[in-house]
Structure formats: structure tokens, C-alpha cells
Amino acid sequence: MATQAVYNSHARPQAHRPRAAVRVTGRAARIAILERLSFRAQPALLAATALSAGIATTHLYWIAPSLLLIAGIVPLMTLCWCARNTSRIVLLPLFVTFVLIGALLGEVQPHPQAQSALVHLADGDKHLITGEIVRYGAVRTIESQRPFSNEPVQEQQLSLQLAVSSIDTKPVTGGLRLAIYAPMDIQIAGVRCGDRMTLNAALKEPQRYRDPGVWDGRAWLLGQGVGVLAAAGATDILLPVPDRHGSAACWIHALQTRASERLVALGTTAKPHWLPSAMTITEGDTGMITAMVTGDRSYLERSERIGFERTGAFHVLVVSGLHVGLIAALLLAITKKFGCSRGWSGLVTALLATLYAIFTGFGEPVQRALAMVLLYLAARACYRERHAMQALGVAALLLLAWQPSALFDAGLQMTILTVVATGGLVAPLIERSVGPYLKATRQINTVAVDAGMPPRLAQFRVMLRLFAWHLAPLLLPRRNRRQSAPLLAAGLRFLLRLCELLLMSITVEIVMAIPMALYFHRITVLALPVNLLLIPGLALLLPVAVLTAMVALVIPHFAIVPGMLLALLLHAAVGIVHHFSQQIGDVRVATPSAWITALALLLLAGSVWAMRRNRVAAGICAAAASAAVILLLWPHAVLARPHVLEISALDVGQGDALLVVTPDGRTMMVDCGGPTGGDLAQHGNFEIGEDVVSPVLWSRGISHLDAVVLSHAHSDHMGGMFAVLSNFHPRELWVGNNPPTFQYLALLAEADRLHVTVRKFHAEDTFSYGGMDVRVLAPSADYMPGPAARNDDSLVLRIALRHTSALLEGDAEAPSEAQMALLPSIHADLLKVGHHGSKTSTTAPFLAAVSPEYAVVSVGLHNLYHHPRFETLEHLQGAGVRTWRTDLDGMSTFYLDGEHVTTSP
């Protein structure tokens, strides 16, 4: 009886129920909660889609702008007529109009200046250069190596950018990125924005690796206004002439640099002895903190970022749209807490979020995120913030109209896909699942609310109060039983919020698998649990980090106080990342084919539309989209000619890297490039194996190698091999007779860790592999290497397909070539020239014994060793050998079909 009385007292409608609480049931209730997606209701989404289609069209075909203007008259007039008379067919002329607008924007958009006059002077000679400082960084202590020396040198470095006005007293304009070096006992003169500087330095073009699938760093620098690079000593710099009329962008960057310096100083200042290590900011932490707060990644080492990349949490580590969104959400919550109205709250949030975005350097991802935030705040002020897809359309229109080329930027595409995932999939998914129950937990003791809800939610509220009544002695002993229902509802809300976060994380990870595979060739297996743990913590970590930076700028000595909490939170985040990165990590995948990518995007668009229609259609499309993402992991055929032996010399600068595809389709890498100058040169954020060799293989559809061959243990052949072994897990590693140097033993240890079989060869070994015949020419069986790696350690292979063959000699020099010249039948149609065309290789007797028809030299542009040497090129020309050079021709490919040798067009 007591239970029945409680049920009746909570379930019976009250006589004074408000008139607004009208019960809405059935289909009407669902429509009231979940609005269907249509281009008529979201016209900005249709316009953005059409604008993107127009820009993409001009990326493939050139169309005269005058023709576009003429073609746009008819749809524009039709659009005006529809606006006045009927709206039934307005979508078609609207779509066509914006397609033509997009095509026009794509054709007339400005492109970065080539700066050909400045680049022409990058001839290796010193010039007298005058320019104005438009950007500068901090003076840093670095460790490097001098050319032709293994001795490490510690010195100071200052990086800055000049707007060049004259060279050798002749007017020349362009951008110069300058690195100034000085010994530790010489102080580099201070510089400021707008100062004019004169210096003597040799100009050089930025490094560009002309291989398929490799990021074009030179084009990126041109987009930043930089055409050439230079390095100079402090004695080559004339004292800057103070001007102090630099641009606002330069002064903002200077403030960012100063904040980064202060944050870095936190890692080197003395700490109290009683402070535990978990609350102490170390030098290694400062690189992550500066990247997170100021957007300055120059202090972030590769060893610190690799764990975040492997777990799909790199967006947490560096300033991105997530950071701007969290700052804006925090500001909205604070202003709401202080009782600000909706208008004032949005205005204050917009102002402070803009200042934060400017402070972080105002990079392109931050600009896009800020645009999204400002658009949301504007929609919020008009009480339209729930229309996410319409807001996405407006934001995309504004961003693409401002910069049409951003359509092909991976950052913008990922930003749009994130919004599509959250607004187009997560929001309706939540409304169909946990959202209504989350709303039903509000005001749980107000029985009058029940009547305005669908029957299932009203019943849920009644059952919740009933459970709370029975659990009251356990939840609130010695208190009023009526207080137990809000307590139980609060706990339930927390669990439902976790379900929301789980749904969002799963959906976003599924959608983001498309660009992650396309641009970064990785599927992050553990991104879901890592982001579930890190993103809520980032909501606390980021404000503490920003507060620490502000205190460090104003009162540096007091920054240790918030720094203790910052260190504690950061170490917890790093511990989570390192724990998960040591488990499964990520899966590296080849570039997905165009049809798989198109299918995944098409099914994603269908899922967004169907999710707002009915449950059956939503479930089918969601399952199909998930299946399309799974196809990204499905290995597809390698892009290669069947039954042909292919040899491609990759452009890896001053190093060697050859891709061999056998007649039966097996893949092999002979050397993997690397830095010159030993182990110290391998430090930094650029890694030749990860950033050049691997993208080339992925672009060919290669996700697994059958074998990797190491010619000898010099860093310009072996340096990139660690990343290649890790990314492609070859079955075998072929080596010759190498000295047990530290780097070589580390490579063998990595091969053992990855369960790669190591096979050792010497001269006179012959075998068949993948449909080709392999003959080892060097080193001899009795060869004894010295204590350090030498060029004559090189493992030399002759590979043949019937009547065609190639000789790959690594860095073999005259002594090794003299022994090989005595061997019978070493003729080859293609010669990979030894030691990058040095005069110590390609001797006349050896060249006569090989008598190749083609030759390829793997060499870096304007290298310090002046390879290939003129004498070597003369020998090749005199022998009538057609010679390719990777520094001039880029990646060079040769096909051996058993009868003839052909080259790539």
C-alpha cells in the first residue's frame, strides 16, 4: 500500500499544471525533436557543396573566366525569377550558380609569387643582401656537425625572415629565411620587427623531393612568402638598423616567441628540492607545453610527438581547432556563471577567443576553428545554434570564398568532416538514443513535467522516482526520501553523458579514418580510449597551461605555482599516451584507391541524410559507411606493370634509395636514404624514411615489403631504414659484411624486434627471387671490414630478367670495382652509379666491363661534396651511357622486360 501511494502521488497530474505542458506523442514527438535534413531547409549547405564542386572542376580543367561569366547569366536570371515567382525549382539554379561562382573563384584566385629573380641568384656564391625583418624567433642553443667532420659542435642559432629589397645593390624583391649561427661565447645582436639588415651569405633553394606522394616543402614556403634560404655566421651580419615599424603580424609573432621562451625557461630554472618530480616541469615537457599553448612547434622533438601520433592524439598536443573550441566553451561557461546575458556572453567569448587565436600565431587551422566559433556565437545570438549543418554550409562558403585553394587542404577537409560527424551523425544519433532520457532526468521531482513528454519518457520518470524511493535508505540515510530522486537522476545523467562522449568518439573516429588513411596513412587503433581519457582532461590542462604562460610573461618567478599543477596534468596525459602507444599503436596503410574513397564519402553523405529519416535507413547506411571505412584497411594491388622488373631511384637528396618490383609483384627496397654526417644529423622533426621513402611506397599502394637490402652502414643509406622496417614489416633484411657499429647493431636489433629475417650475402652467391635472377658481386667472402663503416663494404647486386639486367653497386669505390671487373659476365643494361658519382668510383675498367646503356646517379641538389663529379660524367658520356640524375630529374624509373629497357615517360 505504501508503494502504491508513492506511485500515485508522483504519477497523478497536478491540478495547477501549466498550460504549456502539452503532451506530444508518437511521430509528432519525433519530428519535434529531430528535424530532417534537406537542401531546401539548409540552402547554405547546398551552396557550399556547389561551390566546392566548381573549385574542384577548375583544379582538373582550365576554364576561361570570361566564359564562366557569360555562362552564369542564365542561371543567375533564373534564380532571380524563382525568388520572385516560385520556390519549387529554386535549388537547381542555385546549385548551378554557385558551381560557376566556385569555378570563377578557382580560376582567378591569386597564387604565391614564384620569386624567380631571387631563386635565380641561389647559385652557391655569396651575395650582399639587404632586407627588412618581418619575422624572427628566439636565440637557441643547438648541437650540430661541421661538414666532413664527426665532431659535434654546440652553438647559438637565430632564425628570422627577411623581406629582401636588394642584392648586390640591385633591387630584388622576395622572401629569405635566414639562420644566423654564432659560437657560445659570442652574443648575437638583438633584432626587432622592422629592422633593416645587411649581410653576406650564399643563397640556396629550399629542398624539394620530387617523388610521388611526398609533401612539397618548397611550395609551402612560397605560400609563406619565402623563396630562398641562407645561413650566415654572426660576423657576416652588419648591425641591424633600428626602424621599429614592422607589421602587426611580426609583433604578434614576437609576443608568441617571448611567451615560448618564458615557458622553455621553466624547464631549466632551479626547482625547490621538496617538489616531487611529478609536479616539476622538465626540459622535455617545455616543447609540448609551447606547442600546446603558443602553437610554436620548433621546440617539439620527434621523440616527444611520436606517441601522440601513434595513438591519434596529436591534435591534443598542438594548437588546433579543438583548443579554440575548448577555450570558447570555457569562456561561455564562465560568463554564464557570472550571470552575463546571451549577447554579452557571446561578445566577450568572441573577443577573448579571437585574442587567443592571434596569440597562438593565427595559423590556418586556428583561423578555421575561430570562424566556426564566431559563426556559432552569431547563430546562438539569434537562437539558431542547433542548425549545425546550415552553420557548416555558411562557414564553408565564407572560408572557400576567402581562400578557394583551401578546399584541397587536409586541415580544412578534416575540420569539415569533424563537423559533419558531430552535427550530421552524432547529434541525431543522440536524439534517437540517450538524448531524450537525458532531458527526462531534469526536474525529476516536478511531476507536472511528465504530462508534456512522450509516454515512454513519462514512464521512465515515474520508474526513476519509484527506484529512488526504494533506494533512499541506501542513498540518503537519515534524510528526506524526496531528495533521493535528484541524486539518482544526477548519477544517471553522468552515465548518459559518458554514453554521449562514447558515441561521439566512435563516430568521429570512424569518419576521420578516411582522411587519416588518405593523408597520413595511418589508422589509429587506440584513438578511442586515448581520446576518451585525454579530451576531458584537456578541458582542465589547457586553461592551466594558458594561465601559466600569462604568469610567465608578466611575473616569471611566480609561474612555478600554476606550473606545478600543469606538470601534474601533463605528466598524467603523457603517461596515458605512452602506455597505450606501447600496446598496439597504429596501423599504417597505403593510399586508398579513388573509388574506395569516393564510396566511403558517398555512404557518409547518405548516412547523414538517412540518420534523420527513420531508424531502419539510418542503421543500414551507418553499417555501410562502417564497411566502407573497413575497406580502407583492405590491401589492394600494387601499382606496377605485370611481368616486368622495375627499378626506381627515389629522390632522397644526398643518399640512396631504390625501389625494386620483381616480375611476380614482390617489392624490395635497396637502401632507404638518410642524413649525411652520422647519427647526430638524424635528430629533429624530419626523418627521410618516414617523410619521403614511406609516402612514395604508400602512393604506389604498397603496405608491405617483401625484402629490404642494406648496401652498407653509412647513414645516407641506412638512416631511413628504421622507419621503413617499422612501417612496412618486411619479411627479410639482406646485408653484407658490415662492422659492428652502434647504428648497425641498432638496425639489427630493430629487425629482430619486428621478427624480420636477416640474410647475409657475399660474392659468388646466386639465387632466384620473385622471378628475377640475383647475383652478388661484392664484398668477397674473405673481406674484412674496418672498425668504422666504409664505402667498400657495399653489398653489390646484379639482378636480371632473361636478357636484361641492372647492377646496383651502392657506394663501392675503386678497390671494390677493380675486384668486380675481374669477375666474368658482369655486363648490365642499367648501372646505379656508385658513391653518388664521386671520382673515386665508376673507374674506366669497371665501366668497360659493365658497358651499360643506361645509368642513374642518386645525388642531392647543390650538395657539399660537389657530386656527381665532372670526371665521372665525362666517363659516362664518353662511353655513350644515357645518364639520369635524381637531383635534376627527380624519381627515375626503369623497366626491364627481358628484352628491352625502357624509362618512365
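Residues numbered from 1 in each chain as written. Predicted model: local features only at pLDDT ≥ 70, side-chain atom pairs only at ≥ 80, totals over all residues. Heavy atoms only, no water.

**A word on the overall build of the protein chain**
Line of reasoning, step 1. Of the regular secondary structure elements, the protein chain holds 32 helices and 23 strands.
Line of reasoning, step 2. Taking 2.2 N^0.38 as the reference for a compact globule, 905 residues should give roughly 29 Å; the C-alpha atoms of the protein chain span a radius of gyration of 32 Å, in line with that estimate.
Line of reasoning, step 3. Seen through its C-alpha atoms, the protein chain measures out along the principal axes to roughly 110 × 70 × 65 Å.
Line of reasoning, step 4. Considering the protein chain as a whole, with its 905 residues, one finds that 48% of them fall into the buried category.
Line of reasoning, step 5. Counting only contacts in the protein chain whose residues sit at least 6 apart along the sequence, the fraction spanning at least 24 positions is 72%.
Line of reasoning, step 6. Within the structure as shown, the protein chain displays about 43300 Å² of accessible surface, and the carbon and sulfur contribution to it stands at 63%.
Line of reasoning, step 7. For the protein chain, the centre of its 70 positive side-chain charges and the centre of its 63 negative side-chain charges are spaced 24 Å apart. (Helix = DSSP H or I, 4+ residues; strand = E, 2+ residues; numbered from the N terminus. Rg over C-alpha atoms; globule rule 2.2 N^0.38 Å. Buried < 20%, exposed > 50% of the residue type's maximum accessible area, 1.4 Å probe, protein only. Contact = heavy atoms within 4.5 Å. Areas by Shrake-Rupley, 256 points an atom, 1.4 Å probe, with all protein chains shown as cover. Lys, Arg positive; Asp, Glu negative; His and termini not counted. Charge placed at Lys NZ, Arg CZ, Asp CG, Glu CD.)

**Details of the environment of Ala388**
Line of reasoning, step 1. Topologically, Ala388 is positioned in helix α16 (residues 388–402).
Line of reasoning, step 2. Take Ala388: its relative accessible area is 27%, and that puts it in the partly exposed class.
Line of reasoning, step 3. Taking the C-alpha atoms as reference points, Ala388 and Thr49, 339 residues apart in sequence, are found 15 Å from one another.

**Quick notes on the pattern of salt bridges**
Line of reasoning, step 1. Counted according to the given criterion, the structure contains 15 salt bridges.
Line of reasoning, step 2. A salt bridge links Arg700 to Glu646, with the nearest nitrogen and oxygen atoms 2.9 Å apart. Of the two residues, Arg700 is situated in the loop between α25 (688–699) and β12 (707–709) and Glu646 in strand β9 (residues 645–649); the sequence distance between them amounts to 54 residues. Here Arg700 and Glu646 have matching classes, each one buried.
Line of reasoning, step 3. Note that Glu750 is salt-bridged to Arg753, the shortest N-O span being 2.8 Å. With Glu750 and Arg753 both in helix α28 (residues 742–753) and three residues apart, the pair spans about one turn of that helix.
Line of reasoning, step 4. Glu750 gets classed as buried once you look at its relative accessible area, which sits at 17%.
Line of reasoning, step 5. Arg753 sits in the exposed class, given a relative accessible area of 52%.
Line of reasoning, step 6. Several salt bridges converge on common partners, so that one network encompasses Asp450, Arg461 and Arg465. (Salt bridge = Lys/Arg side-chain N within 4 Å of Asp/Glu carboxyl O.)

**Describing the packing of aromatic side chains**
Line of reasoning, step 1. Inspection of every chain in the model, using the stated rule, returns 11 aromatic pairs.
Line of reasoning, step 2. Centroid distance Phe761 to Phe767: 5.1 Å. Interplanar angle 20 degrees. Geometry classified as stacked. In this pair, the class of Phe761 matches that of Phe767, namely buried.
Line of reasoning, step 3. One aromatic cluster is present, built from ring pairs that chain together Trp734, Phe761, Phe767 and Tyr769.
Line of reasoning, step 4. Between the NZ or CZ atom of Arg140 and the centre of the ring of Tyr299, over which it lies, the distance is 4.1 Å. (Phe/Tyr/Trp six-rings, centres within 6.5 Å; stacked < 30°, edge-to-face > 60°. Lys NZ or Arg CZ within 6 Å of the ring centre and 35° of its normal.)

**Some thoughts on the packing of helix α5 (residues 73–85) against helix α6 (residues 91–108)**
Line of reasoning, step 1. The interhelical angle for the contact between α5 and α6, taken along N-to-C directions, is 145 degrees, at an axis separation of 9 Å. Where α5 crosses over α6, the handedness of that crossing is left-handed. Two secondary-structure elements touch here, α5 through Pro75, Leu76, Thr78, Leu79 and Cys82 and α6 through Pro93, Leu94, Val96, Thr97 and Leu100.
Line of reasoning, step 2. Class assignment for the residues of the contact of α5 with α6 results in eight nonpolar, two polar and no charged. (Axes fitted to C-alpha atoms, helices over the stretch in contact; angles between N-to-C directions. Left-handed = near helix turned anticlockwise from the far one by under 90°. Nonpolar A, V, L, I, M, F, W, Y, C, P; charged D, E, K, R; others polar.)

**Comments concerning the sheet that holds strand β22 (residues 892–896)**
Strand pairing in a sheet is mediated by backbone hydrogen bonds. Such pairs are either parallel or antiparallel.
Line of reasoning, step 1. The eight strands lie next to each other as β14-β13-β12-β11-β10-β9-β22-β23, forming an open sheet whose pairing is mixed. Two strands close off the open sheet at either side, each with one partner strand: β14 (757–760) and β23 (901–903). Averaged over all pairs of adjacent strands, the angle between their axes in this sheet comes to 20 degrees, without regard to strand direction.
Line of reasoning, step 2. Where β9 and strand β10 (residues 657–661) come together, four bridges link them in antiparallel fashion. Across the sheet, the residue bridging to Glu646 is Val661, located in β10. (Pairing = 2+ DSSP bridges.)

**A few points about the nonpolar core**
Line of reasoning, step 1. Counting residues in hydrophobic clusters, the biggest one holds 52 residues, and the most contacted among them are Val293, Phe308, Leu317 and Leu542.
Line of reasoning, step 2. Secondary structure elements with two or more residues in this core: α9 (248–265), α10 (283–293), α12 (314–317), α13 (321–337), α14 (342–359), α15 (364–381), α21 (527–554) and α22 (560–581).
Line of reasoning, step 3. Beyond its immediate stretch of four places on either side in the chain, Val293 contacts Leu263, Val319, Tyr356, Phe359, Thr360, Ala545, Val546 and Ala549.
Line of reasoning, step 4. With 35 residues, the next largest nonpolar core counts Trp698, Val708, Met718 and Met721 among its residues. (Core = buried A, V, L, I, M, F, W, Y, C linked by side-chain atoms within 4.5 Å.)

**Considerations on the state of the cysteines**
Line of reasoning, step 1. Summed over all chains, the structure comprises one disulfide.
Line of reasoning, step 2. The side chain of Cys193 participates in a disulfide bridge whose partner is Cys250; the two sulfur atoms lie 2.1 Å from each other. Judged by the torsion about the S-S bond (-90 degrees), the Cys193/Cys250 disulfide is left-handed. With Cys193 in the loop between β4 (170–183) and β5 (196–204) and Cys250 in helix α9, the pair connects residues that are 57 residues apart, well separated along the chain. (Disulfide = S-S within 2.5 Å.)

**With respect to the sheet that holds strand β19 (residues 830–832)**
Line of reasoning, step 1. Strand order in the open sheet made by the seven strands is β15-β16-β17-β18-β19-β20-β21, with mixed pairing throughout. Lying at the two open borders of the sheet, with one neighbouring strand each, are β15 (766–769) and β21 (882–885). On average, each strand axis in the sheet is tilted by 20 degrees relative to the strand beside it, whichever way the strands run.
Line of reasoning, step 2. Note: strand β16 (residues 772–778) against strand β17 (residues 796–801), five bridges, orientation antiparallel. Within the sheet, the bridge partner assigned to Val776 lies in β17 and is Leu797.

**Focus on the environment of Gln207**
Line of reasoning, step 1. Residue position: Gln207 is located in the loop between β5 and α8 (217–223).
Line of reasoning, step 2. The class for Gln207 is partly exposed, based on a relative accessible area of 39%.
Line of reasoning, step 3. The spatial distance from the C-alpha of Gln207 to the C-alpha of Glu871 is 26 Å, given a sequence separation of 664 residues.

**Observations concerning unusual backbone geometry**
Line of reasoning, step 1. Here the residue pair Ala778 and Pro779 is connected by a cis peptide bond, since its omega of 0 degrees sits within 30 degrees of zero.
Line of reasoning, step 2. In this structure, Pro779 sits in the loop between β16 and β17.
Line of reasoning, step 3. A cis amide bond links His867 to the next residue, Pro868, at an omega of -10 degrees.
Line of reasoning, step 4. Relative to the assigned elements, Pro868 resides in the loop between β20 (854–857) and α31 (870–878).
Line of reasoning, step 5. Here His521, not a glycine, exhibits a phi torsion of approximately 55 degrees, which is positive.
Line of reasoning, step 6. In this fold, His521 is placed in the loop between α20 (484–520) and β7 (522–524).
Line of reasoning, step 7. Here His521 falls in the buried class, since its relative accessible area comes to 7%.
Line of reasoning, step 8. Positive phi values are uncommon outside glycine, yet His835 reaches one of about 50 degrees.

**Focus on a nonpolar patch on the surface**
Line of reasoning, step 1. A contiguous nonpolar surface patch, about 430 Å² in accessible area, is contributed by Ile70, Ile73, Val74 and Met77.
Line of reasoning, step 2. The leading source of residues in the nonpolar patch is α5, at three residues.
Line of reasoning, step 3. Its place among the elements puts Met77 in helix α5.
Line of reasoning, step 4. Here Met77 falls in the exposed class, since its relative accessible area comes to 56%. (Patch = residues over 30% accessible without salt bridge, like charges linked within 9 Å, V, L, I, M, F, W, Y side chains within 5 Å.)

**Describing the pairing of β9**
Line of reasoning, step 1. For β9, the tally of buried residues reaches five of five residues, placing the bulk of the element in the interior.
Line of reasoning, step 2. The two faces of β9 match: Leu645, Ile647 and Ala649 on one face and Glu646 and Ser648 on the other face are all buried.
Line of reasoning, step 3. Bridging between β9 and β22 involves five bridges; their strand directions are antiparallel. Directly across from Ala649, in β22, lies its bridge partner Ser892.

**Describing α22**
Line of reasoning, step 1. Taking 1.5 Å per residue, 22 residues should reach 32 Å; α22 reaches 30 Å between its end C-alpha atoms and fits that length.
Line of reasoning, step 2. By the burial criterion, the buried members of α22 are Pro562, Gly563, Met564, Leu566, Ala567, Leu570, Ala573, Val574, Val577, Phe580 and Ser581.
Line of reasoning, step 3. Looking at the buried positions of α22, the neighbouring elements they touch are α10, α11 (302–310) and α21. (Expected span 1.5 Å × (residues − 1).)

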